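# Coordinate inspection notes
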Amino acid sequence: MSILLSLVLIVIGFVLLIKGADFLVSGASSLAKKANISELTIGLTVVALGTSAPELVVNLISSVNGHTDVVFGNIIGSNIFNIFLILGVAGVIYPLSVQKNSVWKEIPFSLAITVFLFFVLNDRMIIGGDFNRLSQIEGLLLLVLFVGFMVYVIANSTNTMEQEEIDPIPSFSNTKNGLLITGGLVGLVIGGKMVVDNAVTIAEYYQVSQKMIGLTIIAAGTSLPELATSAVAAFKKRSDIAVGNVIGSNIFNILFVLAISSTIKPLNFDTALNIDIYVLLIGTTMLFLFMFTLAKKRLDRWEAALFLVGFFIYMVYLFIRK
C-alpha cells in the first residue's frame, strides 16, 4: 500500500511541476518584455535559480547527513540529464536558436567549470594529495566564480537582440508577474520534492545503492523542473528561455549548489564518478560543436535527437554498470 501511495504522490508531483513550469515561463517572459531585459538573461537567472532549487534542497540535506554519493551523483547526474535529455526533448519539439553570447561565452564557461570541477575533485590523482574531495576552500572558490558569473549576466542584461515576432509575448501587470513566478517556483520545488522523496522510497524498497539513486532517480527528479520549463518554453517557441535555463542550471548546480554543499562540510569524492563527469564533458562539448553545423547557432532536431540517443545509451550503461 505504501508503494502505491508513493506512485500516486509522484503523479501529483508531476502535475505540480508542469503547471509550475508553465506559470514560471509565462511570468518570466512577461517580466523580460516589461523590463526590457532579454529572455536569455531571465533564463540564466530567475528561471535557472528556481529550477535549481530542488537540487539545492536535496544536496543540503544530503551534505548535512554525510551522503556524499548522493550530493555528487545528484549534481553530475542532473547536469547530464539537462544536456542530453532536456535539450534533446526541447530541441526535438522546436529547433533552438542560440544567441552569439551563449555560443562563445556561456557554453564554453559551462565546459570550463566542469573541467575545473574534475581537477579539484581529483586532488590525489593529479597532485598526490591525501584524498579526493571538494574542500570548503574549493567550495568558496566556486562561489567566487558564481558571483563573477552573476556580475557578467547582470552587466549584459540589456535586451539588444532582435526577436522574431512569431508568438507575441503577453504583458501582465507586475503583481500578476510576481504571482506567476512565485507560484511557479513553489510548484516546481514542492512537485520536485514530492517526486524525489517518493521515488527514493520506492528505490530503497528495492535496495538500490545511494550512488545509483543519486545518478538516476534523484538526478531525474531534481531535473524535472528544468525538463518541464524547457519543454514548455520550446512549445511556446521561447528558445532563449529553453537554452538559457539548461546552461544556467548547469552553471548554478556546480558553482552554487555544489559550492554551498561543500562549505557546510568537505565532501569526499568517489572517483568511480569520474566516468560520469567524462559523459558530462562530452555532452557539453557536443553542444558547443553543434553550434557550427548546418544552421549555425542553432540546435537542430537531428542534433537534439543525437542527444536523446546518447541519453538512452548512458542510461543502459548505468543499469549494467556495477
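Just so it is clear, the structure is predicted and the values come from calculations on it, not from any experiment.

## Focus: the overall build of the chain
- Regarding its fold elements, the chain presents 11 helices and 4 strands.
- Counting all 322 residues of the chain, 54% fall into the buried class.
- In the chain, once contacts between residues fewer than 6 apart in sequence are set aside, the share between residues at least 24 apart is 84%.
- In the structure as shown, the chain presents an accessible area of about 13,800 Å², 69% of it carried by carbon and sulfur atoms.

## Let's talk about the confidence of the model for the chain
- Of the residues in the chain, 86% reach a pLDDT of 70 or more, and the chain-wide mean stands at 82.
- Contacts from residues 159-167, a stretch scored under 50 in pLDDT, to residues over four places away or in other chains number 12 contacts.

## Quick look at helix α6 (residues 136-155)
- For α6, with 20 residues, the first-to-last C-alpha span of 29 Å sits near the 28 Å given by 1.5 Å per residue.
- All buried positions along α6 are accounted for by E138, G139, L142, L143, F146, F149, M150, Y152 and V153.

## With respect to the packing of helix α3 (residues 68-93) against helix α10 (residues 274-290)
- For the pair α3 and α10, the least separation of the axes is 9 Å and the interaxial angle reads 35 degrees. The hand of the α3/α10 crossing is left-handed. Each of I76, N79, I80, I83, F84 and L87 in α3 lies in contact with α10, whose residues at this interface are D276, I277, V279, L280, G283, T284, M286 and L287.
- Of the residues assigned to the contact of α3 with α10, the class counts are 10 nonpolar, 3 polar and 1 charged.

## Details of the side chain of T284
- In this fold, T284 is placed in helix α10.
- A relative accessible area of 2% means that T284 is categorised as buried.
- Setting aside residues no more than four positions away along its own chain, T284 makes contact with I83, I107, S110 and L111.

How each quantity is defined
- Residues numbered from 1 in each chain as written.
- Predicted model: local features only at pLDDT ≥ 70, side-chain atom pairs only at ≥ 80, totals over all residues.
- Heavy atoms only, no water.
- Helix = DSSP H or I, 4+ residues; strand = E, 2+ residues; numbered from the N terminus.
- Buried < 20%, exposed > 50% of the residue type's maximum accessible area, 1.4 Å probe, protein only.
- Contact = heavy atoms within 4.5 Å.
- Areas by Shrake-Rupley, 256 points an atom, 1.4 Å probe, with all protein chains shown as cover.
- pLDDT = per-residue confidence, 0-100.
- Expected span 1.5 Å × (residues − 1).
- Axes fitted to C-alpha atoms, helices over the stretch in contact; angles between N-to-C directions.
- Left-handed = near helix turned anticlockwise from the far one by under 90°.
- Nonpolar A, V, L, I, M, F, W, Y, C, P; charged D, E, K, R; others polar.

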